Every structure is written in C-alpha cells, then in structure tokens.
Amino acid sequence: MSSSPVSVPAPVLPYGRPPLRTVQVLGGAGAGSSAHVRSLATGLAARGVRVTVCAPVAAEGEYDFTGAGARFTPDAVSALRAACAGADLVHAHGVRAGLRAALALRGRGLGRRVPLVVTWHGGAPEPAGALGRLSRLLERQVARAAAVVLGASSDQVDLARRRGARDARLAAPAVPPAAEVADAGKTRAELGAVERPLVVAVGSLVARRGYSVLLDAARAWRVMEPLPLLVIAGEGPLRPELARRIEAEGLPVRLLGRRRDADRLLAAADVAVLPSRWEGRSLLAQEALRAGVALVATEVGAVPELVGDAAVLVPYGDPGALAGAVAALLEDPARRAELGEAGRTQAATWPSEDDTVAQVLAVYDELMDRLHRR
C-alpha cells in the first residue's frame, strides 16, 4: 500500500510573513568578507531564508555560494538592481558594496520599503588629502543610508557612529573552522622546510599588507642557523617588486601565489606573521590562533581586540621589532607552545557560525517587524 507524500510547510519567520528574501552584496572578493558571506548564506538558507548573493564571478568560483544554498548573480549594476527589486532586505558587506546597494535601492524607489544592512568589515586607514575627503563622504553616505550598520570590530562601530549611522552595533563575523590537516610534515617537505624553521604569511600582495617591512625582517634572519624559510601565500600587484627584492638580496623567502590551503600551510608553520599597516578582523589571525600557531602581528586596527594576549604584537613599520619577535619565538619552542594554547583559548571566546547567523537573523527580524508595524 503506497502512502501519499507528506507536505512540508515552508518555514514562517516570527513576524508572520513567508520566508524572508535577502540579497547579500559583496563589493569584492576579499577572503574575510567572502568567507563570512558564504557562512552566512549557509546558515540563513538552513533556517528557511531565501538568499541571493550578488558578487564577482571569481568569488562564486572560489566560495561556491550556490553550494551553500544561495542563488548567485554577478555583481553587474543591472543584476544588482533586479535582485534588490525582489528582496525584502538587502545586506551589503563593506562600504563599497553598501554604496552600490544603496544606489540600487534608490534607483528602484525601494529605499523606504527595503531595509539596508551594511557590515563594515574594515579597510585601509583613511588616506590623506582629496582621497581622504572622498572616503569620508562615501562612508557618510553609506552609514546614513543603512537602517543598521554592523561593525566587525569595535573601532568599526565607532567609525560608523562618527559618520552618522542611525544604528551601529558590534557583530563580529565568524569564519568556518579549518578542516583537519593530517600531515604537516608532508607540507613542510613540499615547501623545502624539513630541517629549518617555517614562517608563514598569507594575504594579497598589496601595500597595506606590509610585505616590504617583512622582507626587511627576513634579511635580518639570514644570520640564524638553521636559516628560517618565509613563505608568503597571496597574489597582487606588488609581486614583481617583491620577487626582484628576494632575488637581488638573496632573501630566504618564497612567494607561493594564490593558495586555497592556508589552513594546511598554517598547520605546518612554526610561526605565523601578520605585518600589515592596518587590519580589521584578520582572517589569518583567526586561523592561526584556532590552529594553535604562534602569531606575531602588528598592533594595528582591530588586531589587539581580536587576539588579546594570545599573540606577540609589534609596531607597524619596525622591521627590527618584527624580526626580533619572530626570531625569539623560533628559538623558544616552549613560548611557541604557550602561545599556541593561549590562541586556542582566545579563539574559543569568539562567536561561532551559529552565533553569528542567529545575531544577524535577529537584526533582520527586528527590521521586518519594525517595517510592518508602520
């Protein structure tokens, strides 16, 4: 005897409407914001929210938003406008994405009917002169257009309030836990660091990452025995310049290009290093502390708030301090182990993916409830 299929009702959100239709807008393919949107799309879709991700095609290729349960659309202006027209709420990630989303909503006359949430993940320090004035203007436009600004760190919340945000809240994005890495020794062998210390840096090859200072530090390590190997995973416009320096100065450095296995590199590292001029909620710092890898980082942006006492912090732009901090850790296995344990403890205080999704969904519910009480 066959039974008739069971009908499963569509999820209903707390304010009594059909499943919420959201658009997640990415202004670029940055690792931190892209990983956050992938995690958010997975969690929201699992809770019955309909998610469209509007992002560069390269981001879809790397982060597979479709596989997370979202609908993907390229970030062309026409596609963004069409996606916003069918949305109940738009959530942009970054100031650039926030500006594009605000313009798309305004162009469709949806500004009052479709709330805009903007997560400020952080960016480079404010430039000087005309570029600085333009940056402040764009930030003000985005802050004032948003119903809620979610700051990835406390300094981003403070900045949003200074720029005129009506409602700015701390909402630290979580990133997925790294996959279990089985054989660090194999990775070290592939990199050429079987019997020498391995130092790992990960991030795009752009000026704000501080790699020129890091190469200065690597020059100081040439007197160490055994000679440490520094590997830098990332791609960007500074690659030719960095490569020329490495060859001309005989530096113990390898440029690995863009890699999708940062977790594997970190699991093999003796020390991770973050030499940036500015960082928000650094993805590298989170991955290093979670993996129990000793971290040396510059004391900039949101890094101190993120790592607490679980990393060695040095001033930006001081190659001597950076070189000395890394060398001291390479020569002190006990201190590395102590920092590794402190890192895991610090990472346990960060919000989980479920925590992050629940917080974001609570903001969505609040805005929808407010909208339908009008």
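The sections below set out a description of the structure shown in this document. Counting restarts for each chain: residues are numbered from 1 in the order of the written sequence. Whole-chain, interface and lining totals are the exception, using all residues; otherwise, since this is a predicted model, local features are given only for residues with pLDDT of at least 70 and side-chain atom pairs are given and counted only at 80 or more. Each side-chain value is derived from all of the structure's non-hydrogen atoms; neither hydrogens nor water enter the calculation.

**Brief notes about the state of the cysteines**
Any covalent bond linking the sulfur atoms of two cysteines counts as a disulfide.
Step number 1: By convention in this document, the label disulfide applies to cysteine sulfur atom pairs within 2.5 Å. Inspection of every chain in the model, using the stated rule, returns 0 disulfides.
Step number 2: The thiol sulfur of cysteine 54 is not disulfide-bonded, and the nearest other cysteine sulfur, from cysteine 84, lies at 7.3 Å.
Step number 3: Exposure is judged per residue with a 1.4 Å probe applied to protein chains only, and the accessible area is read against the type maximum: over 50% gives exposed, under 20% gives buried, and values in between give partly exposed. With a relative accessible area of 0%, cysteine 54 lands in the buried category.
Step number 4: For cysteine 84, a relative accessible area of 0% puts it in the buried group.

**As for unusual backbone geometry**
Step number 1: The omega torsion of the bond from glutamate 225 to proline 226 falls at 0°, within 30 degrees of zero and hence cis.
Step number 2: Tracing the sequence through the fold places proline 226 in the loop between helix H8 (211–220) and strand E9 (229–233).
Step number 3: Its identity is not glycine, yet aspartate 64 carries a phi of approximately 50°, on the positive side.
Step number 4: Here aspartate 64 lies in the loop between helix H2 (57–63) and strand E3 (71–74). Secondary structure elements are taken from DSSP: a helix is a run of H or I of four residues or more, a strand is a run of E of two residues or more, and numbering for both begins at the N terminus.

**Considering the pattern of salt bridges**
Step number 1: Throughout this description, the term salt bridge denotes a Lys or Arg side-chain nitrogen within 4 Å of a carboxyl oxygen of Asp or Glu. Across all of its chains, the model carries 21 salt bridges by this definition.
Step number 2: Note that arginine 259 is salt-bridged to aspartate 261, the shortest N-O span being 2.9 Å.
Step number 3: On the accessibility criterion, arginine 259 (29% relative accessible area) is partly exposed.
Step number 4: Residue aspartate 261 is classed as buried on the basis of its relative accessible area of 15%.
Step number 5: With its nearest N and O atoms 2.6 Å apart, the salt bridge here joins arginine 335 to glutamate 338.

**Some points on the pairing of strand E10 (residues 253–257)**
Step number 1: For E10, a buried count of 4 out of 5 residues is recorded, marking the element as mostly surrounded by other parts of the structure.
Step number 2: Bridging between E9 and E10 involves 4 bridges; their strand directions are parallel. Following the sheet pairing, leucine 230 is matched in E10 by valine 253.
Step number 3: The definition of a right-handed crossover adopted here requires that, viewed with the strands pointing away, the path from the first strand over the helix to the second runs clockwise. For the crossover that starts at E9, traverses helix H9 (residues 239–249) and ends in the parallel E10, the hand is right-handed. Think of it this way: DSSP has to see at least two bridges between two strands before they count as a pair.

**Some points on the environment of leucine 89**
Step number 1: Structurally, the position occupied by leucine 89 is in strand E4 (residues 89–93).
Step number 2: Residues leucine 89 and arginine 71, 18 residues apart in the sequence, show an inter-C-alpha distance of 15 Å.
Step number 3: Only heavy atoms matter for contacts: two residues are in contact if any of them lie within 4.5 Å across the pair. Beyond its immediate stretch of four places on either side in the chain, leucine 89 contacts Arg21, Thr22, Val23, Val114, Pro115, Val117, Tyr364, Leu367 and Met368.

**A look at the packing of aromatic side chains**
Step number 1: Between the rings of Phe, Tyr and Trp (Trp by its six-membered ring), a pair exists once the centres lie within 6.5 Å; its type follows the angle of the planes, with under 30 degrees stacked, over 60 edge-to-face, and the other angles tilted. In this structure the tally under the stated criterion is 1 aromatic pair.
Step number 2: With a centroid separation of 6.3 Å and an interplanar angle of 20°, the aromatic rings of tyrosine 63 and phenylalanine 65 are classed as stacked. When sorted by exposure, tyrosine 63 lands in the same class as phenylalanine 65, which is buried.

**Here we look at the sheet that holds E9**
Step number 1: Ordered in space as E10-E9-E8-E11-E12-E13, the 6 strands form an open sheet in which the pairing is parallel. Since the sheet does not close on itself, it has two edges, and those belong to E10 and strand E13 (312–314), each with one partner. Strand-to-strand twist across the sheet, computed as the mean angle between neighbouring axes with direction ignored, equals 20°. Only the contacting stretch of a helix is used when fitting its axis, a line to C-alpha atoms as for every element, and angles between N-to-C directions run 0 to 180 degrees.

**Observations concerning helix H7 (residues 184–191)**
Step number 1: Buried within H7 we find Thr187, Arg188 and Leu191. Within H7, the buried residues cover an arc of 100° as seen down the axis, which keeps them to one side.
Step number 2: Taken together, the buried residues of H7 touch strand E8 (198–202), E9, E10 and helix H10 (262–268).
Step number 3: Where H7 terminates, the next one or two residues include glycine 192, which has phi positive at roughly 85°. This arc is taken over the directions from the axis of the helix to the C-beta atoms.

**Description of the nonpolar core**
It is characteristic of soluble globular proteins that their nonpolar side chains tend to be buried jointly.
Step number 1: Among buried residues, the Ala, Val, Leu, Ile, Met, Phe, Trp, Tyr and Cys ones that are joined through side-chain atoms within 4.5 Å form a nonpolar core. If you look at the biggest cluster of nonpolar residues, it comprises 32 residues, and the most contacted ones within it are Leu214, Trp221, Leu230, Ile232 and Val296.
Step number 2: With 7 residues, the single largest contributor to this core is helix H13 (residues 319–330).
Step number 3: Excluding residues within four positions of it along the chain, leucine 214 makes contact with Ala201, Trp221, Leu230, Ile232, Val273, Pro275 and Leu322.

**Let's talk about the packing of helix H11 (residues 283–291) against helix H14 (residues 333–347)**
Step number 1: H14 packs onto H11 with a crossing angle of 115° between their chain directions and a minimal axis gap of 6 Å. With respect to their mutual orientation, H11 and H14 come out roughly perpendicular. Viewed along their axes, H11 and H14 form a crossing whose handedness is left-handed. Along its contact with H11, which presents Leu289, Arg290 and Ala291, the element H14 presents Gly343, Arg344, Gln346 and Ala347.
Step number 2: Three residue categories are used. Nonpolar comprises Ala, Val, Leu, Ile, Met, Phe, Trp, Tyr, Cys and Pro, charged comprises Asp, Glu, Lys and Arg, and polar comprises the others, including Gly. Looking at side-chain class alone, the contact of H11 with H14 contains 3 nonpolar, 2 polar and 2 charged residues. If an angle is under 35 degrees, it is roughly parallel; if it is over 145, roughly antiparallel; if it lies from 65 to 115, roughly perpendicular; otherwise it is oblique. With the far helix as reference, a near helix turned anticlockwise by less than a right angle produces a left-handed crossing, and one turned clockwise produces a right-handed crossing.

**Things to note about the pairing of strand E12 (residues 294–298)**
Step number 1: Across the 5 residues of E12, 5 count as buried, placing the element largely inside the fold.
Step number 2: Pairing analysis gives 4 bridges linking strand E11 (residues 271–274) to E12, with the strands arranged parallel. For leucine 274, the partnering residue across the bridge sits in E12 and is alanine 297.
Step number 3: For the crossover from E11 across H11 to E12, the handedness is right-handed.
Step number 4: When E12 meets E13, the two strands line up parallel, connected through 3 bridges. Residue pairing in the sheet places alanine 297 in a bridge with leucine 313 of E13.

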